[in-house]
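Tertiary structure, described
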Amino acid sequence: MYPCKKNNMIYSAKLLQTTLLFCCISIFAFSQNLSKKDIAKLEETAQKVTIIRDNWGIPHIYGKTDAAAVFGLMYAQCEDDFKRVEMNYIEKLGRLSEIKGQSVLYNDLEIKLLIDINEAKTDYKNAAPWLKKLLDSYADGINFYLYKHPEVKPLLLTHFEPWFPLLWTDGSIGAISTADLSVGELKAFYSGSNEKTAYVEREKNVQTGSNGFAFAPSKTASGNAILYINPHTTFYFRPEVQVSSEEGLNAYGAVTWGQFFIYQGFNENCGWMHTSSNVDVADMYAEKIVLKKNKLFYEYDKKLIPIIEKEITIKYLENGKLVPKTFKTYFTNNGPIMAKRDGKWISLKSNNRSMNSLIQSWVRTKSKDFNDYKKAMDLKANTSNNTVYADSKGNIAYWHGNFIPVRDKNLNWSKVVDGSISATQWKGLHEVNETVHLYNPTNGWLQNCNSTPYTAAGTNSPKKEDYPAYMAPDGENFRGINAVRIFSQDKKYTLDKVITDGYDSKLSIFEILIPALTEVFEKNIKPTDAAYIELAEPISALKNWDYYAKENSIATTLAVEWAYKLDPIIQKAYVNEGETDQVENTKKFAKNATSDQLVPQLQAVVKDLKAKWGTWQIPWGEINRFQRSNGDINLKYDDSKPSLPIAYGPGSWGSLPSFKSSYQNGSKKRYGYNGNSFVCVVEFGSKIKAKSLLAGGNSGDINSKHFFDQAQMYQNGQFKDVLFYKDDVEKNAERTYHPGE
């Protein structure tokens with residue numbers, strides 16, 4: 001069964017962006033309770049760390065040890081946006097209800113069922129000394145920041161614990177995998193009510209994700225490998241940082257708020273880009289439940305085993321007070337009971353946190369070469385990601401997933417399977433060399449756009465028939481098609497040429513949809529019909545369009561608005577085993593679509609545009625806008641406030657640079673909230689050369705000059721030079737200090 005990664009990405013973002021009703025008050029009085037000895041220790045550690053802020057506000061952290069560097073990294077993150085650091089852990093602790101009330105009660109219950117705090121605490125106690133030092137420094141860095149900034153009032157977390165990172169060991173925007181089980185089903189099971197209250201549901205079949213490209217020396221002008229890092233996330237989800245130590249750490253890239261490792265980035269030897277994976281990492285089991293002498297049992301290989309019962313208490317905010325609610329929850333050998341389908345209890349087997357995952361997230365950032373990186377992959381603990389890789393020796397590589405359980409190939413694991421027999425149990429993990437991967441293809445390039453691995457290198461890609469279906473249920477999408485088209489051309493890449501192609505804005509889905517529209521229009525709509533008179537000019541604009549999103553393009557506006565009104569099947573980007581993918585679904589829809597399925601939708605677009613603007617001839621940049629009016633997690637958009645026109649469009653329709661926008665609270669314009677965030681291209685020669693770009697700016701403080709200083713560059717796709725070497729950082733230093741100064 002496929003993981004619900006794509007849904008959880010949106011789900012996590014929605015939870016984090018829900019309005020904070022009590023954001024101006026702290027639930028508990030802030031008190032660090034630090035002893036003089038604690039303070040002295042923190043002050044001593046701070047002196048072992050130097051933070052240099054460059055002219056873009058990017059922190060370059062230099063520590064004597066790895067642990068000191070982590071201390072500085074966490075301190076710097078809190079300086080830039082403490083509220084996002086805190087909110088990420090409020091969510092992972094299953095405590096959102098304490099600030100948002102009952103509206104997210106069952107989201108918290110889901111987290112507590114899938115992420116066991118006691119297991120995280122036990123892992124911390126059992127951690128190797130080197131890892132425990134990093135975990136301690138993580139907590140120390142944040143707690144030192146709070147001690148030094150008493151004006152900062154946390155919503156909930158007044159003291160951070162060293163085991164917190166063991167709740168969230170991946171770094172992905174949605175590192176929770178629930179198969180296709182919904183929060184609504186969870187609520188129905190544990191409350192007996194199907195009312196759509198007390199939870200925020202995950203959106204299904206909505207494409208999110210990222211692009212990763214790697215180019216071998218044979219495809220570059222310099223003869224050095226190049227890596228393109230292009231995550232598509234909710235804006236401001238990760239800042240740009242560099243973290244270094246005298247123990248071999250020197251990583252640059254994007255860090256997820258509140259985590260202590262570079263999630264997507266590079267060191268002087270190699271680079272790594274993660275794209276969201278659809279590899280099956282979570283499975284649903286139908287349990288046979290038996291009530292015997294008023295006790296619950298589940299059947300397993302014809303034996304009755306007592307159900308494990310756990311009481312979980314969640315507090316929710318109501319009328320300014322915290323109200324406890326206790327749930328009796330149930331577990332089998334497969335995992336927690338999450339739903340009831342066809343009269344059967346459904347359990348979930350998953351791997352949503354592990355110490356090995358956190359270890360892997362750290363050690364890969366210190367990889368010295370390809371063999372080192374493969375050793376990190378051999379931990380087989382990354383449940384959420386595909387990986388695109390390049391290094392200074394000219395290697396490029398792609399891995400589709402990493403944590404992949406061995407299963408019965410004869411079963412369809414996208415469905416519920418029988419939980420009462422051992423035959424359906426996971427049989428260990430696949431070795432990395434058994435998974436879908438590709439090293440140094442002869443064509444000289446690799447790509448993944450959250451698409452099938454079987455087109456990762458064009459005709460040099462892995463073959464679908466060589467792997468079990470559960471390893472890569474991913475289908476093709478229009479970004480993948482666009483990438484293969486571009487990279488199959490005979491080019492010699494430089495950093496700038498990679499950026500140019502990475503910003504190819506062709507909306508390739510319309511190569512299929514618009515010919516279908518024009519055909520049914522010309523065949524079925526007579527020149528004397530009112531629809532013909534109304535749509536003749538818009539149809540002509542679409543027919544003569546080159547399918548590229550541009551700021552001044554009227555056709556782009558018509559096409560994007562129209563496509564969102566068509567059959568939702570064309571938006572279904574993530575598919576189960578045996579299902580047709582987005583591209584095939586779109587082709588089928590276009591081939592069979594009637595006039596009623598295409599023409600009235602365009603009429604509605606024209607009518608809406610005329611109602612809002614007085615004309616349907618609205619350039620794309622006029623309505624597709626980028627606005628950051630404050631540093632709130634839950635941004636509100638306002639037509640009366642300044643905003644910037646954005647030329648490119650949604651990745652769902654094929655644009656490689658993604659800018660996902662929508663109308664907000666009755667707004668006249670569409671405002672972007674997801675897509676290109678941190679973007680970076682790096683060349684691995686004798687010295688690192690890299691360029692990067694961040695949505696808006698690196699700071700979450702509206703009063704900082706680095707809150708919006710990259711906005712116009714973001715608008716134009718204009719990258720800045722990365723300052724990787726300390727000499728260059730010092731030449732462009734804006735501020736140099738120790739934490740706490």
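Now for a description of the structure that goes with this document. Worth saying up front: this structure is predicted, and the values here are computed from it rather than measured. (Residues numbered from 1 in each chain as written. Predicted model: local features only at pLDDT ≥ 70, side-chain atom pairs only at ≥ 80, totals over all residues. Heavy atoms only, no water.)

Observations regarding the overall build of the protein
Scanning the protein for helices and strands turns up 20 helices and 29 strands. Relative to its length of 741 residues, the protein is compact, with a C-alpha radius of gyration of 26 Å against a globular reference of 27 Å. Seen through its principal axes, the protein has C-alpha atoms that stretch 85 × 75 × 55 Å. When each of the 741 residues of the protein is scored for burial, the buried share is 63%. (Helix = DSSP H or I, 4+ residues; strand = E, 2+ residues; numbered from the N terminus. Rg over C-alpha atoms; globule rule 2.2 N^0.38 Å. Buried < 20%, exposed > 50% of the residue type's maximum accessible area, 1.4 Å probe, protein only.)

Section: the sheet that holds strand β18 (residues 396-399)
As summarised here, the arrangement of the 10 strands in space is β20-β18-β17-β8-β7-β6-β5-β2-β1-β29, forming an open sheet in which the pairing is mixed. Every interior strand has two partners, whereas the edge strands, β20 (437-439) and β29 (733-737), have only one. Sheet twist, expressed as the average angle between the axes of neighbouring strands with direction ignored, equals 15°. The pairing of strand β6 (residues 250-254) with strand β7 (residues 264-266) spans 3 bridges and is classified as antiparallel. Counterpart to Y252 in the pairing with β7 is F266. (Pairing = 2+ DSSP bridges. Axes fitted to C-alpha atoms, helices over the stretch in contact; angles between N-to-C directions.)

Thoughts on helix α15 (residues 554-563)
By the criterion of burial, α15 is predominantly enclosed, with 9 of the 10 residues buried. The secondary structure elements touched by the buried residues of α15 are α13 (510-524), α14 (530-543), α17 (595-613), α18 (620-623), β24 (659-663) and β25 (670-676). If you check the start of α15, you find a side-chain oxygen 3.5 Å away from the backbone N of A555, and it comes from S553. (Contact = heavy atoms within 4.5 Å. Polar contact = N/O pair within 3.5 Å; in protein donor to acceptor, adjacent residues only side chain to side chain.)

Some details on helix α16 (residues 582-592)
Residues of α16 that are buried: Q582, V583, N585, T586, F589 and A590. The buried residues of α16 occupy one face: seen down the axis, they fall within an arc of 160°. Residues of α16 that are exposed and point over 90 degrees away from its buried face: K588 and K591. Considering only its buried residues, α16 is in contact with α11 (478-487), α13 and α17. Between the side-chain oxygen of the N-cap and the backbone nitrogen of V583 there are 3.1 Å, and the N-cap of α16 in question is D581. (Arc of directions from axis to C-beta.)

Notes on the pairing of strand β26 (residues 678-684)
Consecutive side chains along a regular strand alternate between the two faces of the sheet. β26 sits mainly inside the fold: 7 of its 7 residues count as buried. Note: strand β4 (residues 225-234) against β26, 5 bridges, orientation antiparallel. In the sheet register, Y228 faces β26, and the bridge partner there is V681. Bridge analysis of β26 against strand β27 (residues 688-694) gives 7 bridges, and the strand direction is antiparallel. Across the sheet, the residue bridging to F684 is I688, located in β27. Joining the antiparallel neighbours β26 and β27 is a turn of 3 residues.

Quick notes on the packing of α13 against α16
Two elements in contact, α13 and α16, have axes whose closest approach is 9 Å; the angle formed by their N-to-C orientations is 5°. One finds that α13 runs roughly parallel with respect to α16. Here α13 contributes I512, L513 and A516 to the contact with α16, which in turn contributes T586, K587, F589 and A590. Of the residues assigned to the contact of α13 with α16, the class counts are 5 nonpolar, 1 polar and 1 charged. (Parallel < 35°, antiparallel > 145°, perpendicular 65-115°, else oblique. Nonpolar A, V, L, I, M, F, W, Y, C, P; charged D, E, K, R; others polar.)

As for the side chain of Q447
Along the chain, Q447 turns up in strand β21 (residues 445-448). When its relative accessible area of 0% is taken as the criterion, Q447 is described as buried. A distance of 3.0 Å separates the side chain of Q447 from the backbone oxygen of T455, its partner in a polar contact.

Re unusual backbone geometry
Across the chain, the bulk of peptide bonds are trans and the bulk of non-glycine residues have phi less than zero. In this model, D342 sits at a positive phi of 50°, which is unusual for a non-glycine residue. Examined against the element boundaries, D342 turns out to sit in the loop between β15 (335-341) and β16 (344-349). For D342, a relative accessible area of 81% puts it in the exposed group. If you check the backbone angles, N440 has positive phi at about 50° while not being a glycine. Tracing the sequence through the fold places N440 in the loop between β20 and β21. Taking the relative accessible area as the measure of exposure, N440 reaches 35% and is therefore partly exposed.

A look at the side chain of S508
On the secondary structure map, S508 appears in the loop between α12 (495-502) and α13. Within the structure, the side chain of S508 is placed 3.2 Å from the backbone oxygen of F478, a separation counted as a polar contact. Setting aside anything within four residues of it in sequence, one finds S508 in contact with F478, N482, W653 and G654.

A word on the nonpolar core
In this structure, Y138, F160 and Y190 are the most contacted members of the largest nonpolar core, which totals 107 residues. In terms of residue count, the dominant contributor to this core is helix α3 (residues 66-92) (15 residues). Ignoring any residue separated from it by four or fewer positions in sequence, one finds Y190 in contact with Y106, L109, L113, F327, K328, T329, Y330 and I337. Ranked by size, the runner-up nonpolar core spans 42 residues in total, among them F510, A549, V560 and V599. (Core = buried A, V, L, I, M, F, W, Y, C linked by side-chain atoms within 4.5 Å.)

Here's the deal with the pattern of salt bridges
Per the counting criterion, the structure on display carries 32 salt bridges. The partner of K92 in a salt bridge is E91, and the shortest N-O contact between them spans 3.6 Å. Across the salt bridge formed by K572 and E579, the nearest N and O atoms sit 3.0 Å from each other. Given the relative accessible area of 18%, K572 is considered buried. (Salt bridge = Lys/Arg side-chain N within 4 Å of Asp/Glu carboxyl O.)

Some points on the packing of aromatic side chains
Tallied over the entire structure, the rule returns 56 aromatic pairs. Between the aromatic rings of Y75 and F144, the centroid separation amounts to 5.9 Å while the plane-to-plane angle is 45°, which identifies the pairing as tilted. Here the residue Y75 occupies a position in helix α3, and F144 occupies one in helix α7 (residues 129-148), the gap between them amounting to 69 residues. Given the relative accessible area of 1%, Y75 is considered buried. (Phe/Tyr/Trp six-rings, centres within 6.5 Å; stacked < 30°, edge-to-face > 60°.)

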